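# Chains, contacts and geometry: an overview
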Amino acid sequence: MTSAVVELDHLMIKVDSLKAATEKFSRMGFDVTPESRIESLGVANRLVLLWPRRPGVANFLELMSIPDPGNVDPTMAQVLSAGEGIKMIVHLAADIEKFVATVREREPWVDPIWDIRREWQTPDGERQTIRFRVTKPVPGEAPFTINAYQPNVIGQYLQDRFRHHANGARHVAAVTGIAAAQQFAPTVAYFEALYGIAAQRAGEGIAEIKPRDVTLRIVTTTAFAGLYPGNGSAPLRLPCLAAVTIEVSDLEGVATLLAANEVSHVRRRQPAGIIVGPHDACGVTFEFVST
């Protein structure tokens, strides 16, 4: 891999209300962390923590809202504009300057790094200063909004007490983005260059790129409709990040839980999976598959 990207670490999901989002995610069987605020950016979040497949990385969903629209960083206001849904892929970078340099090979990018510090208390009471070196979202030609971060510690994302989900969720396995047919090839090429690896074709209008353990799936609108049956029409504002794939320990258990909690869902035969549409999941299509 020629870039400094270690992993597709987590997805930033814009929600209008953290309280309402927590209720929806709880009905889908997820445990959600308490609310936390990043005062310097004027945003608040709650996390759905999952299990990375190897040491040194995290694997989670970040539900993010703007508590006070009059007191939010302009960049974050832009990222979190419009409706609910997946707004950004956040990459874990081993060397954030190298990540920036990789992007600058394509386009200018001035002063892109935030240096954020927060206090965090571990479950055993130890206080730590967490430092995040975070790039501002990549400008210009990036088909989907992306950025990268380099934390000094990741223990806050590995708390076992929040990773035992009623739906048996284990991993964020993939994120799916939709590109218009005429932009499909350029979108695939952009991420091949960023990650330094070739995409694998997984069907007509479907390309998958896997820098490490989490897959970026790029699809056309036609392919999206085939992958996610009963999901209604594809989002109209393309390109966009539209779906997340969650690996679970017991797919039948997920079906039982969703039915009991009256969450609308569709059983897909090939490949086997359960689809929850954006209406029930804060603008995100959820795909549950077996580990």
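The following refers to the structure shown. As the structure is a computational prediction, the values presented were derived from the model and not from experiment.

Another point: the packing of aromatic side chains. For the structure on display, the rule yields 12 aromatic pairs. Taking the centre distance of 5.2 Å and the plane angle of 75° together, the rings of Tyr 190 and Phe 191 count as edge-to-face. Each member of the pair, Tyr 190 together with Phe 191, is buried. Seen from their ring centres, Phe 191 and Tyr 195 are 5.8 Å apart, and the 40° between their planes marks the pair as tilted. Of this pair, Phe 191 and Tyr 195 both sit in helix H4 (residues 184–195), four residues apart, roughly one helical turn. The same class applies to Phe 191 and to Tyr 195, which are both buried. Aromatic ring contacts, followed pair by pair, group Phe 25, Phe 30, Phe 286 and Phe 288 into a single cluster. Directly above the ring of Trp 51 sits Arg 163, whose terminal nitrogen or CZ lies 3.8 Å from the centroid. In this arrangement the basic side chain of Arg 170 is found over the ring face of Trp 51, its NZ or CZ atom lying 4.8 Å from the centre.

Locating His 265 in the fold gives a position in the loop between helix H6 (251–260) and strand E14 (266–268). Between the C-alpha atom of His 265 and that of Lys 98, which follows or precedes it by 167 residues, the distance is 42 Å. Not counting the four nearest positions on each side in its chain, His 265 is found in contact with Ala 255, Leu 258, Ala 259, Ile 274, Ile 275 and Val 276. At 2.8 Å, the side chain of His 265 forms a polar contact with the backbone oxygen of Val 263.

Here the focus is the pattern of salt bridges. Using the criterion set out here, one finds 11 salt bridges in the structure. For Asp 213, the salt bridge goes to Arg 54, with nearest N and O atoms at 2.7 Å. Note that Asp 213 is positioned in the loop between strand E11 (206–209) and strand E12 (215–219) and Arg 54 in the loop between strand E3 (43–49) and strand E4 (60–65), a separation of 159 residues in sequence. For Asp 213, a relative accessible area of 12% translates into the label buried. Glu 208 is paired through a salt bridge with Arg 217; the nearest N and O atoms lie 3.2 Å apart. A relative accessible area of 27% places Glu 208 in the partly exposed class. Taking the relative accessible area as the measure of exposure, Arg 217 reaches 11% and is therefore buried.

In spatial order, the strands read E2-E3-E4-E1-E5-E8-E7-E6; together these eight strands make up an open sheet with mixed pairing. Here the strands that pair on one side only, and so sit at the sheet edges, are strand E2 (36–38) and strand E6 (113–121). Across this sheet, the average inter-strand angle for adjacent strands is 35°, counted without regard to direction. Two elements, E3 and E4, share six bridges in a ladder whose sense is antiparallel. Bridge assignment links Leu 47 to a residue of E4, and that residue is Glu 62. Each of strand E1 (5–14), E3 and E4 touches helix H1 (residues 18–27); the most contacted strand, E4, lies at about 150° to it. Those strands touched by H4 are E1, strand E5 (85–93) and strand E8 (146–151), and its axis lies near 20° from that of E8.

Another point: the side chain of His 10. Tracing the backbone through its elements, the reader meets His 10 in strand E1. Beyond its immediate stretch of four places on either side in the chain, His 10 contacts Phe 60, Glu 62, Met 88, Ile 89, Val 90 and Tyr 149.

What follows concerns the nonpolar core. Ranked by internal contacts, the top residues of the largest apolar core, which has 61 residues, are Phe 25, Phe 99, Phe 191, Phe 286 and Phe 288. Counting residues per element, this core draws most heavily on H4, at six residues. Among all residues touching Phe 25, those that are not within four sequence positions of it are Ile 13, Phe 30, Val 32, Val 48, Leu 61, Leu 63, Ala 281, Cys 282 and Phe 286. Of all hydrophobic cores here, the second largest spans 28 residues; its members include Leu 47, Ala 58, Met 76 and Val 134.

Next up on the list: the sheet that holds strand E9 (residues 169–178). Read from one edge of the open sheet, eight strands run E10-E11-E12-E9-E13-E16-E15-E14, paired in mixed fashion. Single-partner strands in this sheet number two, and they are strand E10 (200–201) and E14. Two elements, E9 and strand E13 (residues 240–248), share eight bridges in a ladder whose sense is antiparallel. Bridge pairing links Val 172 to Ile 246 in E13.

Let us now look at helix H3 (residues 96–104). Listed as buried for H3 are Ile 96, Phe 99, Val 100, Thr 102 and Val 103. Projection of H3 onto a plane perpendicular to its axis shows the buried side chains occupying an angular sector of 155°, all on one side. In the core, the buried residues of H3 are packed alongside E1, E5, E6, strand E7 (127–135), E8 and H4. With a side-chain oxygen lying 3.1 Å from the backbone nitrogen of Glu 97, the N-terminal cap of H3 falls on Asp 95.

Rules and cut-offs
Residues numbered from 1 in each chain as written. Predicted model: local features only at pLDDT ≥ 70, side-chain atom pairs only at ≥ 80, totals over all residues. Heavy atoms only, no water. Phe/Tyr/Trp six-rings, centres within 6.5 Å; stacked < 30°, edge-to-face > 60°. Buried < 20%, exposed > 50% of the residue type's maximum accessible area, 1.4 Å probe, protein only. Helix = DSSP H or I, 4+ residues; strand = E, 2+ residues; numbered from the N terminus. Lys NZ or Arg CZ within 6 Å of the ring centre and 35° of its normal. Contact = heavy atoms within 4.5 Å. Polar contact = N/O pair within 3.5 Å; in protein donor to acceptor, adjacent residues only side chain to side chain. Salt bridge = Lys/Arg side-chain N within 4 Å of Asp/Glu carboxyl O. Pairing = 2+ DSSP bridges. Axes fitted to C-alpha atoms, helices over the stretch in contact; angles between N-to-C directions. Core = buried A, V, L, I, M, F, W, Y, C linked by side-chain atoms within 4.5 Å. Arc of directions from axis to C-beta.

It is worth stressing that arrangement in space is one thing and function is another; only the former is reported here.
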